[in-house]
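# Tertiary structure, described
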Amino acid sequence: MTARKRVSGNIVDVCKGRIYAGTIIIEHGRIADIIGDDGTYSSLIIPGFVDSHIHIESSMLPPSEFARAATVHGTIAAVCDPHEIANVCGLSGIDYMCDDAATVPMKFYFGAPSCVPATDFETSGARLESAVVDELMKRSDISHLAEVMNYPGVIKGDPSVLSKIISAHRAGKRIDGHAPGLSGSDLQKYAGAGITTNHECLTFEEALENIGAGIKVQIREGSAATLLDQCIPLIDRHSDNCMFCSDDKHPDELITGHINDMVRRSIRAGI
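Described in the following lines is the structure provided in the data block. (Residues numbered from 1 in each chain as written. Predicted model: local features only at pLDDT ≥ 70, side-chain atom pairs only at ≥ 80, totals over all residues. Heavy atoms only, no water.)

### Some words on unusual backbone geometry
Cis peptide bonds are those with omega within 30 degrees of zero, and the linkage from Val116 to Pro117 qualifies with 0 degrees. Backbone geometry places His28, a non-glycine residue, at a positive phi of 50 degrees. In this fold, His28 is placed in the loop between β2 (18-27) and β3 (30-36). Non-glycine residue Asp247 carries a positive phi angle of around 70 degrees. Exposure remark for Asp247: the relative accessible area of 5% places this residue in the buried category. (Helix = DSSP H or I, 4+ residues; strand = E, 2+ residues; numbered from the N terminus. Buried < 20%, exposed > 50% of the residue type's maximum accessible area, 1.4 Å probe, protein only.)

### Remarks on the pattern of salt bridges
Across all of its chains, the model carries 15 salt bridges by this definition. Linking Asp13 and Arg18 is a salt bridge whose minimum nitrogen-to-oxygen distance equals 3.8 Å. For Asp13, a relative accessible area of 17% puts it in the buried group. Look at Arg18 and you get partly exposed, because its relative accessible area is 40%. Between Arg68 and Glu65 there is a salt bridge whose closest N-O contact spans 2.9 Å. Taken together, the positions of Arg68 and Glu65, both in helix α1 (residues 63-70) and three residues apart, correspond to about one turn of that helix. Shared partners join several salt bridges into a network, and the residues in it are Asp134, Glu135, Lys138 and Arg170. (Salt bridge = Lys/Arg side-chain N within 4 Å of Asp/Glu carboxyl O.)

### Side note on the packing of aromatic side chains
Under the definition given, this model contains two aromatic pairs. Look at Phe108 and Phe110: their rings are 6.1 Å apart centre to centre, the planes differ by 15 degrees, and that puts the pair in the stacked class. Exposure class is identical for Phe108 and Phe110. Each is buried. Taken together through their ring pairs, the aromatic side chains of Phe66, Phe108 and Phe110 make up a single cluster. (Phe/Tyr/Trp six-rings, centres within 6.5 Å; stacked < 30°, edge-to-face > 60°.)

### Looking at the pairing of strand β7 (residues 107-112)
Bridging between strand β6 (residues 75-80) and β7 involves four bridges; their strand directions are parallel. Bridge pairing in β7 places Cys80 opposite Phe110. Relative to strand β8 (residues 142-148), β7 runs parallel, the two being bridged by three bridges. Paired with Phe110 across the strands is Ile142, a residue of β8. What joins β7 to β8 is helix α4 (residues 130-137), and the crossover it makes is right-handed. (Pairing = 2+ DSSP bridges. Right-handed = clockwise from strand over helix to strand, strands pointing away.)

These values are about where atoms sit, not about what they do.
This is the structure we're talking about:
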């Protein structure tokens, strides 16, 4: 990559809601400056899309091949929970995902799986105890504590669950949530533990209550579960507290579209 590049076009500023002609200055792979100009351009330059919660393993592709399929749809980053491979391979599976992801320009933000195994009622290939999660939270290639599925453990104060949450707080990293159907004082207690997101809302009303509790809602439209149609009004009223995610995206569907499909459908609905 050359040290300095210039890319010109019609720049879409999604924060200020405007489009203007300009040139982006790129130095060493990063945007160094954006300069408005009087040029006439046919192309649009827009920010890339981020999948705010996904298990790459569900695509049955390694991260590098997932990137090959997703970037053509404008996806430039994904926030990932590698708990599926961790349930089989443990720490070596997480290392594999991080190492493979580092071979491509797409940005992958991996979390430390908080629930391996997912429950005590299943047989898994590995266990990630609190001490292992604590070490993962210290790593620069681990960005957050991945979805805390054991929400009953949070509510009841299970020491093994709370210790992982404490590790995330100690490392100054965010905590991803997973709490279907949670409401009332239980939801308040879950949010009070510092859990910042939830991709498991089942209805518009539940999503609205989550936002009221201070939790950002990841509107899910994946291969296994969908919520976009119900949550279109939520985007219009609470855009600062909503994100798009797929959670699980099968390869045959990833070929045809990703987060861009959610954007198109939202625009057609008037957003």
